[in-house]
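Spelled out, the chains give:
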Amino acid sequence: MSHQVIKDSLEKSMSYQEYSNLVNKLTETEGTTGAEQTEALIGYTKLNQRRMKRWDKTVKISEEAKTFVSGLQHQMTWLVITESWCGDAAHVVPVINKLAELNDKIKLHVVLRDENLSLMDQYLTNGGRAIPKLLMIDDETGDVVDTFGPRPSEATNMVNDYKQKHGTLTPEFKEELQFWYNKNKGQNIIEDITQKLCELEPSMCV
């Protein structure tokens, strides 16, 4: 993987706050990120703005996870690939932001998938450009040391099981998945990411 592709993407990146402001603005102007400005995608952006605002206010991180993440010594850049219309991203990205905020050695950047396809195509999921995708970059080497996404492990298992039985994801299943996100309250995302961080810095793990 070329470090240059990451460098180019980081130069075009936004902070989480800038991304959140962009989603707010798009909601007001009846727009969406990406080349396709369809009614459906614009509707998803509006819905996702409400989800993001809710998670920004309500995500709870356990004291144990806070202590662990805030104590990490690695200087890292977290680069999230996303789009405003993506339902999974509206649940996942605010939680990633809350974790990054716990440690000033972690710098979070956000880029839009369709403006960064050369980056996205290095990190496909089962051959698809699935988002959101978090790249954990070691600042010292510039290497991507781990990735997370597009969904937390429990949601991934739900999706895989359903696809195996039914071949495709139905609107009913997608509603069920939203219900799962609301019920789980970001905890599976926190568990998955802290586990990855634990593998990167084993001396910090309990």
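Residues numbered from 1 in each chain as written. Predicted model: local features only at pLDDT ≥ 70, side-chain atom pairs only at ≥ 80, totals over all residues. Heavy atoms only, no water.

### Overview of the overall build of the protein
- Of regular secondary structure, the protein possesses nine helices and four strands.
- Computed over C-alpha atoms, the radius of gyration of the protein comes to 17 Å, within 12% of the 17 Å expected from 2.2 N^0.38 for 206 residues, which places it in the range of a compact globule.
- Oriented by its inertia axes, the alpha-carbon framework of the protein measures out at about 45 × 35 × 35 Å.
- Here the protein holds 206 residues, and the buried ones make up 47% of them.
- Within the protein, residue pairs in contact and separated by at least 24 positions form 75% of the contacts whose partners lie at least 6 positions apart.
- With an accessible surface of roughly 10700 Å², the protein has 49% of that area assigned to carbon and sulfur atoms. (Helix = DSSP H or I, 4+ residues; strand = E, 2+ residues; numbered from the N terminus. Rg over C-alpha atoms; globule rule 2.2 N^0.38 Å. Buried < 20%, exposed > 50% of the residue type's maximum accessible area, 1.4 Å probe, protein only. Contact = heavy atoms within 4.5 Å. Areas by Shrake-Rupley, 256 points an atom, 1.4 Å probe, with all protein chains shown as cover.)

### Focus: the pairing of strand β3 (residues 133-138)
- The element β3 is largely enclosed, with a buried count of six among its six residues.
- Burial along β3 is two-sided: the face carrying K133, L135 and I137 and the face carrying L134, M136 and D138 are both buried.
- Taking the residues between adjacent antiparallel strands as the criterion, β3 and strand β4 (residues 144-148) are bridged by five residues, where G142 takes a positive phi near 80°. (Pairing = 2+ DSSP bridges.)

### Quick look at the sheet that holds strand β1 (residues 76-82)
- Here four strands make up an open sheet; going across it, the order is β2-β1-β3-β4 and the pairing mixed. Whereas interior strands pair on both sides, the edge strands pair on one side only; in this sheet they are β2 (106-112) and β4. Geometrically, the sheet is characterised by an average inter-axis angle of 20° between neighbouring strands, direction not taken into account.
- In this structure, β1 lies alongside β2, joined through seven bridges in parallel fashion. When the sheet's bridge partners are listed, T82 is paired in β2 with L112.
- In this fold helix α5 (residues 87-100) packs onto β1, β2, β3 and β4, with an angle of close to 165° to the strand it touches most, β1. (Axes fitted to C-alpha atoms, helices over the stretch in contact; angles between N-to-C directions.)

### Regarding the nonpolar core
- The biggest cluster of nonpolar side chains holds 57 residues, and the ones touching the most others in it are W78, I96, L119, L134, I193 and L197.
- By residue number, the principal contributor to this core is α5, which donates eight residues.
- If near-sequence neighbours (up to four positions away) are discounted, I96 is found in contact with W78, V80, L108, L134, F148 and I193. (Core = buried A, V, L, I, M, F, W, Y, C linked by side-chain atoms within 4.5 Å.)

### Digging into the pattern of salt bridges
- Under the counting rule described, the total for this entry stands at six salt bridges.
- Residue D88 is joined to R151 by a salt bridge in which the shortest nitrogen-to-oxygen separation is 3.2 Å. Taken together, the residues span a long stretch of sequence, with D88 in helix α5 and R151 in the loop between β4 and α7 (153-166) at a distance of 63 residues.
- On the basis of relative accessible area, D88 is assigned to the buried category, the value being 11%.
- With its nearest N and O atoms 2.7 Å apart, the salt bridge here joins R129 to D121.
- Look at R129 and you get partly exposed, because its relative accessible area is 37%. (Salt bridge = Lys/Arg side-chain N within 4 Å of Asp/Glu carboxyl O.)

### Here we look at the pairing of β4
- Bridge count between β3 and β4: four bridges; the pairing is antiparallel. Its bridge partner lying in β4, I137 is registered against V144.

### Examining the environment of Y162
- Along the chain, Y162 turns up in helix α7.
- The exposure class assigned to Y162 is buried, which follows from its relative accessible area of 18%.
- Residues Y162 and F173, eleven residues apart in the sequence, show an inter-C-alpha distance of 8.0 Å.
- Every residue in contact with Y162, bar those within four places of it in the chain, is listed here: G167, T168, L169, T170 and F173.

### Structural notes on the layout of surface pockets
- By volume, the largest pocket amounts to about 830 Å³.
- If you trace the largest pocket, you find 27 residues lining it, with C86, D88, R151, L169 and K174 closest to the centre.
- If you list the elements that add at least two residues to the lining of the largest pocket, you get α3 (39-58), α5, α7 and α8 (171-184).
- Sorting elements by how many residues they give to the lining of the largest pocket places α8 first, with five residues.
- Each residue belonging to the lining of the largest pocket can be placed in one class, and the counts come to twelve nonpolar, seven polar and eight charged.
- Put simply, the second largest pocket is a space of about 330 Å³.
- Lining the second largest pocket are 14 residues; nearest its centre among them are E64, A65, F68, T194 and Q195. (1 Å grid on protein atoms, 1.4 Å probe; cavity = no way out; pocket = protein on both sides within 12 Å on 5 of 7 lines; lining within 4 Å. Points joined across faces, edges and corners; volume = space filled by probe spheres on them. Nonpolar A, V, L, I, M, F, W, Y, C, P; charged D, E, K, R; others polar.)

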